[in-house]
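Each chain is listed here by its residues.
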Amino acid sequence: RHAAPRHSANTTSDLLSAVDDAGGLPPHVRDVGHQLAQIAGDIGTTEVHQGPADRERLFLRAIFAGYPDRVARRRERGSPRFLLASGHGAVLGRESGVLDAEFIVAIDVQAGKRGEGAEATIRIASAIEAEWLRHGVHGSSSHGSHGLHGSRTEHLFDPAARRVRAIERSYYGEIPIAEKPAPLDPELASRLLADVYIARGWTEEDTQLLRRLRFAELPDEPAALVANAALGYRSIDEIDLPAALSKRGIGGELDRRAPATLAVPSGRTARLTYQEDGSVVAAVKLQELFGLAESPRLGPRQVPVVFELLAPNGRPVQTTRDLRSFWDTTYQEVRKELRGRYPRHPWPDDPWTAPPTAKAKRRGQV
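Note that the coordinates shown come from a computational prediction; the quantities given were computed from them, not determined experimentally.

A. The overall build of the protein chain, seen in detail. The helix and strand inventory of the protein chain stands at 10 helices and 15 strands. Across the 366 residues of the protein chain, 41% fall into the buried class. Across the protein chain, every contact between residues at least 6 apart in sequence was considered, and the portion connecting residues at least 24 apart equals 57%. Summed over its atoms, the accessible surface of the protein chain is roughly 20,000 Å², and 48% of this surface lies on carbon and sulfur atoms.

Dropping the structure here:
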C-alpha cells in the first residue's frame with residue numbers, strides 16, 4: 001500500500017504532488033512512469049523526454065495503463081463521491097488533492113468499516129481523461145482493460161417527455177462513459193411504461209374504474225389491466241384504461257353492471273361515485289328527484305344507490321337510500337328550513353306530484 005501524501009492542494013495527481021518538483025518529474029518518478037508505460041506496451045520510451053506538460057500527461061496515462069481496473073467517475077460536479085469501475089461507491093479522502101477531475105485512477109483505496117455501510121475512501125488518486133477510457137492509451141485498449149469495455153441497450157422513462165426511450169450506453173466496467181439513441185424494444189417499452197404508471201399512484205378516475213370493475217364482479221387485477229393498456233405504446237399519456245377494457249370486450253358489460261352515471265327524473269344525469277365499501281353514491285339536488293319512490297338498484301347484487309340530497313347551494317342536507325321514507329317524513333322538515341332561504345326554488349307541499357326540475361322558478365312565478 002502506498003503512503004498517503006499529506007496535502008490537500010488542488011492537483012492532477014497525488015503522486016506528482018508528493019514530490020518537490022512535480023513539473024520536472026525527477027528521475028525516480030520518471031522511472032515509475034517509464035515502467036508503467038512498458039506495462040501498457042504501447043507508449044514509446046522516447047516520449048519521457050518531451051516537455052514538462054507532455055511528460056506530466058504521459059505520467060498520468062502511464063498510471064492509467066498500470067491500474068486500468070481502478071478507474072472511478074465523480075458522481076456529480078464538485079462532489080467527493082465516486083463510482084468505481086467495480087460498481088461500488090467511494091469517497092475522495094481529505095488527504096487527496098484531485099478535486100476537479102471527473103475521471104480518476106483510485107490508486108489507493110481504503111475499505112469502509114464493516115457493518116456500517118460506509119463507502120470506501122480514495123486516499124491517493126490521479127486524474128485521467130475520458131477519451132482514454134474510450135480508446136485506450138494511444139488509440140488502443142490499455143493493457144488489462146479490454147474486458148472492462150462494453151455496451152448495452154437500456155430502456156428508461158423520461159419524466160420530462162413523459163415517454164420511454166432507449167439508449168445504447170457504453171461502459172468502462174460499471175461506469176457509463178457514453179450513450180446514443182437506440183431502437184425501442186416494444187415489449188420492454190410497454191412493460192416499463194406500465195411499471196411507471198402504477199408507481200406514480202392511481203388517479204381518482206383510475207380508482208373509480210377499479211371499484212366499478214369490482215362492483216360489477218368483472219376481472220379487476222390492476223397490474224394486468226395497466227399492462228394491457230400499455231401494449232404498443234411508449235408515452236404514459238397514451239395509456240387509456242377504459243379503452244383497454246373496450247378492446248377486451250368488457251367495456252359494455254361494465255357500463256351495464258356498474259354505470260358511471262345515472263339518469264334522474266329531472267332529465268339530467270348524475271355522476272355515480274363508487275365507494276371502497278361497495279356502496280354507490282349519487283349527489284343530486286333534492287328538487288330533481290320529486291316523485292321518485294325507490295332508489296335504483298345496480299350490479300349483480302342489486303345494490304341500491306345512496307342519494308346525497310343537495311340544497312340549491314350544492315351542500316348536502318340528507319343522505320338516504322330510502323326515498324319513500326324521506327318524502328313522507330324528513331322532507332317537510334327540510335322544506336320548512338330551506339324554502340325561506342331559497343324562495344326561487346320549488347318547495348311543494350306534495351313532493352310526490354311535483355314535477356322534478358333542476359331549474360329555479362322564474363321571477364314572479366309562485
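B. Just the packing of aromatic side chains, in detail. Under the counting rule described, the total for this entry stands at 9 aromatic pairs. Both rings, one in phenylalanine 215 and one in tyrosine 274, keep their centres 5.2 Å apart while their planes meet at 70°; by these two values the pair is edge-to-face. Taken together, the residues span a long stretch of sequence, with phenylalanine 215 in helix 6 (residues 204-215) and tyrosine 274 in strand 10 (residues 269-274) at a distance of 59 residues. Here phenylalanine 290 and tryptophan 327 contribute two aromatic rings whose centre-to-centre distance is 5.7 Å and whose plane-to-plane angle is 55°, an arrangement assigned as tilted. Residue phenylalanine 290 is found in the loop between strand 11 (280-285) and strand 12 (297-298), and its partner tryptophan 327 is found in helix 10 (residues 323-338); the two are separated by 37 residues along the sequence. In terms of burial, phenylalanine 290 and tryptophan 327 fall into one category: buried. Cluster of aromatic residues (ring-pair linked, three or more members): Phe290, Phe326, Trp327 and Tyr331. Of note, arginine 152 hangs over the ring of tyrosine 171, and the distance from its end group to the ring centre comes to 3.8 Å. Note that arginine 200 overlies the ring of tyrosine 197, its terminal NZ or CZ placed 4.4 Å from the centroid.

C. Focus on the sheet that holds strand 7 (residues 163-172). Strand order in the open sheet formed by 3 strands is 6-7-8, and the pairing between neighbours is antiparallel. Unpaired on one side and paired on the other, strand 6 (149-158) and strand 8 (175-181) mark the two borders of the sheet. Direction aside, the axes of adjacent strands within the sheet are offset by 35° on average. By the bridge criterion, 6 bridges tie strand 7 to strand 8 in an arrangement that is antiparallel. Bridge pairing in strand 8 links isoleucine 167 to proline 181. In the packing of helix 5 (residues 186-199) onto the sheet, the strands contacted are strand 6 and strand 7, and the crossing angle to strand 6 comes to about 50°.

D. Structural view of the pattern of salt bridges. If you walk through the whole model with that rule in mind, you get 23 salt bridges. For arginine 152, the salt bridge is made with glutamate 154, and the minimal N-O distance between the two is 3.2 Å. By relative accessible area, arginine 152 is classed as partly exposed at 37%. Looking at glutamate 154, the relative accessible area reads 16%, which means it is buried. One salt bridge connects glutamate 253 with arginine 256, and the closest N-O pair in it is separated by 2.8 Å. With glutamate 253 and arginine 256 both in helix 9 (residues 251-257) and 3 residues apart, this pair spans about one turn of that helix. Classification of glutamate 253 as partly exposed rests on a relative accessible area of 25%. Connected through shared salt-bridge partners, Arg152, Glu154, Arg169, Glu174 and Glu179 make up one network.

E. A look at the environment of alanine 244. Here alanine 244 is to be found in helix 8 (residues 241-247). Given a relative accessible area of 4%, alanine 244 falls into the buried group. Taking the C-alpha atoms as reference points, alanine 244 and asparagine 228, 16 residues apart in sequence, are found 6.5 Å from one another. Setting aside residues no more than four positions away along its own chain, alanine 244 makes contact with Asn228 and Ala229.

F. Main features of the sheet that holds strand 11. One open sheet holds the 5 strands; their spatial order is 9-10-11-14-15, and the pairing between them is mixed. Strand pairing shows two members of the sheet lacking a second neighbour, strand 9 (261-263) and strand 15 (316-320), which therefore form its edges. On average, adjacent strands in this sheet sit at an angle of 30° to one another, irrespective of strand direction. Pairing geometry for strand 9 and strand 10, over 3 bridges, is antiparallel. By the bridge assignment, threonine 261 is partnered in strand 10 with arginine 271. The strands touched by helix 6 within the sheet are strand 10 and strand 11, with strand 10 carrying the most contacts at an inclination of about 80°.

G. Structural view of the packing of helix 5 against helix 7 (residues 222-230). The contact between helix 5 and helix 7 brings their axes to 9 Å, and the two run at 130°. When the axis of helix 5 is compared with that of helix 7, the two are oblique. Crossing geometry of helix 5 relative to helix 7 is assigned as right-handed. Two secondary-structure elements touch here, helix 5 through Ser190, Leu193, Ala194, Tyr197 and Ile198 and helix 7 through Ala223, Val226, Ala227 and Ala230.

H. Examining helix 7 more closely. Where helix 7 is concerned, the buried positions are Leu225, Val226, Ala229 and Ala230. Buried positions in helix 7, seen along its axis, are confined to an arc of 130° and lie on one side of it. On the buried face of helix 7, the contacting elements are helix 5, helix 6 and helix 8. Two or three places before alanine 223, at the start of helix 7, stands the capping residue glutamate 221, its side-chain oxygen 3.2 Å from that residue's backbone nitrogen. Glycine 232 lies just past helix 7 and shows a positive phi near 85°.

The rules behind these values
Residues numbered from 1 in each chain as written. Predicted model: local features only at pLDDT ≥ 70, side-chain atom pairs only at ≥ 80, totals over all residues. Heavy atoms only, no water. Helix = DSSP H or I, 4+ residues; strand = E, 2+ residues; numbered from the N terminus. Buried < 20%, exposed > 50% of the residue type's maximum accessible area, 1.4 Å probe, protein only. Contact = heavy atoms within 4.5 Å. Areas by Shrake-Rupley, 256 points an atom, 1.4 Å probe, with all protein chains shown as cover. Phe/Tyr/Trp six-rings, centres within 6.5 Å; stacked < 30°, edge-to-face > 60°. Lys NZ or Arg CZ within 6 Å of the ring centre and 35° of its normal. Pairing = 2+ DSSP bridges. Axes fitted to C-alpha atoms, helices over the stretch in contact; angles between N-to-C directions. Salt bridge = Lys/Arg side-chain N within 4 Å of Asp/Glu carboxyl O. Parallel < 35°, antiparallel > 145°, perpendicular 65-115°, else oblique. Left-handed = near helix turned anticlockwise from the far one by under 90°. Arc of directions from axis to C-beta. Polar contact = N/O pair within 3.5 Å; in protein donor to acceptor, adjacent residues only side chain to side chain.

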